[in-house]
Amino acid sequence: MVLRHLSPVFIIITLAFCGRTVAASPAEVPPDSEIHKILVQRIDTYHRSVGIVVGVIDPEGQRIIAYGHLAQGDSSPVNGNTVFEIGSVTKVFTSLLLSEMVQHGEVKLSDPLAKYLPSDVKVPERNGRSITLVDVATHTSGLPRMPSNFSPKDPNNPYQDYSVEQLYQFLSSYELTRDIGSQYEYSNLGGGLLGFVLARRAGMDYGKLVHSWICGPLDMDSTGVSLTPEMKARLATGHNAALKSVENWDFTPVFAGAGALRSTANDMLKFLAANIGLTKT
């Protein structure tokens, strides 16, 4: 799999947490002018990115500091409405979906994965315990980071061809190497699997599920899996370590919940404000 810089990139800074606000001293977050200097240095001096957008949120409001461009050779500046691949931040949305669906009685944290998969799929168990929804949400399911039969045809777009059939084949043949819940191990497979079964439970694809439960209610109009032509025009290009352009990634339903979402800094500030209690929802 190709490792790459997500450049341009966006960064969110918050001075509030857990639904309560805290007074911030000037030393905690630099003023906008200092943040801008950091961005200029990282891009123009160190050549570590093409463009960076920083979002800052606190009880007094939110603001955007940006510098750079959408891509090498593209003079379009990045800003708060630039669309980025947000990668594994998608997993936060997936776990929030789980929380919301639990609160609305759609699922239970203790539900086994097998409940939402076809009956002929054998989900691995160990010592009489089944993998539950909360196990995959907390990366304690015992499932590996990636399935052993993950072999992308195109390493530059690795998630575009892993099928549902391959997922079922892996689950039915895999043997857990440790007890469920005994150890944390970060798992793209687990994150994708959680999104996959929640979408099956809801009877819609992952992108529509996120829009229905999260993005629609929060007016996050620039966040989703599928991009409108207008959003594509604002999409930042990914770059490798040499700052050469690379193609954006596509995800099959199996891994959508692990990394398929695209968003903007402005939308992510809406998401953060709702999650930390700065806005009523």
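Residues numbered from 1 in each chain as written. Predicted model: local features only at pLDDT ≥ 70, side-chain atom pairs only at ≥ 80, totals over all residues. Heavy atoms only, no water.

### Notes on the pattern of salt bridges
Then comes step 1: Counted by the stated rule, this structure contains 9 salt bridges.
Then comes step 2: One salt bridge connects arginine 129 with aspartate 135, and the closest N-O pair in it is separated by 2.8 Å.
Then comes step 3: Relative accessible area serves as the criterion here: at 3%, aspartate 135 is assigned to the buried category. (Salt bridge = Lys/Arg side-chain N within 4 Å of Asp/Glu carboxyl O. Buried < 20%, exposed > 50% of the residue type's maximum accessible area, 1.4 Å probe, protein only.)

### Notes on the packing of helix H4 (residues 164–173) against helix H5 (residues 188–202)
Then comes step 1: At a closest axis distance of 13 Å, the pairing of H4 and H5 adopts a crossing angle of 115 degrees. As the angle between them shows, H4 and H5 are arranged roughly perpendicular. Where H4 crosses over H5, the two elements pack in a sense that is left-handed. Judged by residue contacts, Val164, Leu167, Tyr168, Phe170 and Leu171 of H4 engage Leu189, Leu193, Phe196 and Arg200 from H5. (Axes fitted to C-alpha atoms, helices over the stretch in contact; angles between N-to-C directions. Helix = DSSP H or I, 4+ residues; strand = E, 2+ residues; numbered from the N terminus. Parallel < 35°, antiparallel > 145°, perpendicular 65-115°, else oblique. Left-handed = near helix turned anticlockwise from the far one by under 90°. Contact = heavy atoms within 4.5 Å.)

### A word on the nonpolar core
Then comes step 1: Ranked by size, the top nonpolar core spans 52 residues in total, and within it Phe93, Leu143 and Leu167 carry the most contacts.
Then comes step 2: Secondary-structure elements contributing two or more residues to this core are helix H2 (90–103), helix H3 (133–137), H4, H5, helix H6 (206–215), helix H8 (256–259) and helix H9 (265–275).
Then comes step 3: When residues of this core are assigned to their parent elements, the largest contribution, 7 residues, is made by H5.
Then comes step 4: Setting aside residues up to four positions removed in sequence, leucine 143 forms contacts with Pro124, Ile131, Val136, Leu171, Tyr174, Leu176, Glu185, Ser187, Leu189 and Leu193. (Core = buried A, V, L, I, M, F, W, Y, C linked by side-chain atoms within 4.5 Å.)

### Regarding H4
At 3.6 residues per turn, the α-helix brings residues three or four places apart onto the same side.
Then comes step 1: All of the buried residues along H4 are Leu167, Tyr168, Phe170 and Leu171. The buried residues of H4 occupy one face: seen down the axis, they fall within an arc of 165 degrees. Away from the buried face of H4 by more than 90 degrees, exposed residues Glu165, Gln169 and Ser173 are located.
Then comes step 2: Lining the buried residues of H4 we find H5. (Arc of directions from axis to C-beta.)

### Section: the side chain of arginine 262
Then comes step 1: Topologically, arginine 262 is positioned in strand S12 (residues 262–263).
Then comes step 2: Despite its burial, arginine 262 pairs with no opposite charge, the nearest such side chain being aspartate 250 at 4.0 Å.
Then comes step 3: Of the polar contacts made by the side chain of arginine 262, one reaches the backbone oxygen of valine 225; its length is 2.7 Å. (Lys, Arg positive; Asp, Glu negative; His and termini not counted. Polar contact = N/O pair within 3.5 Å; in protein donor to acceptor, adjacent residues only side chain to side chain.)

### Details of the side chain of aspartate 111
Then comes step 1: Structurally, aspartate 111 is set in the loop between H2 and strand S8 (125–126).
Then comes step 2: At a separation of 2.9 Å, a polar atom in the side chain of aspartate 111 contacts the main-chain amide nitrogen of lysine 108.

### Brief notes about the confidence of the model for the protein
Then comes step 1: Summing up the model confidence of the protein, the mean pLDDT is 91 and the portion of residues at 70 or higher is 90%.
Then comes step 2: Here residues 1–6 is a poorly scored stretch, pLDDT under 50, and it has 22 contacts once near neighbours within four places are set aside; other chains count.
Then comes step 3: Here residues 16–26 is modelled with pLDDT under 50, and outside its nearest four sequence neighbours on either side it reaches 14 contacts, counting other chains as well. (pLDDT = per-residue confidence, 0-100.)

### Describing the pairing of strand S4 (residues 51–58)
Then comes step 1: Burial analysis of S4 places 8 of its 8 residues in the buried class, which makes it a mostly covered element.
Then comes step 2: Side chains Gly51, Val53, Gly55 and Ile57 project from S4 onto one buried face, and the interleaved Ile52, Val54, Val56 and Asp58 project onto a second face that is buried too.
Then comes step 3: Strand direction decides the pairing type here: S4 and strand S5 (residues 61–71), joined by 8 bridges, are antiparallel. Each residue of the ladder has a partner; that of glycine 55, found in S5, is isoleucine 64.
Then comes step 4: Taking the residues that link successive antiparallel strands as the turn, the S4-S5 hairpin has 2 residues. (Pairing = 2+ DSSP bridges.)

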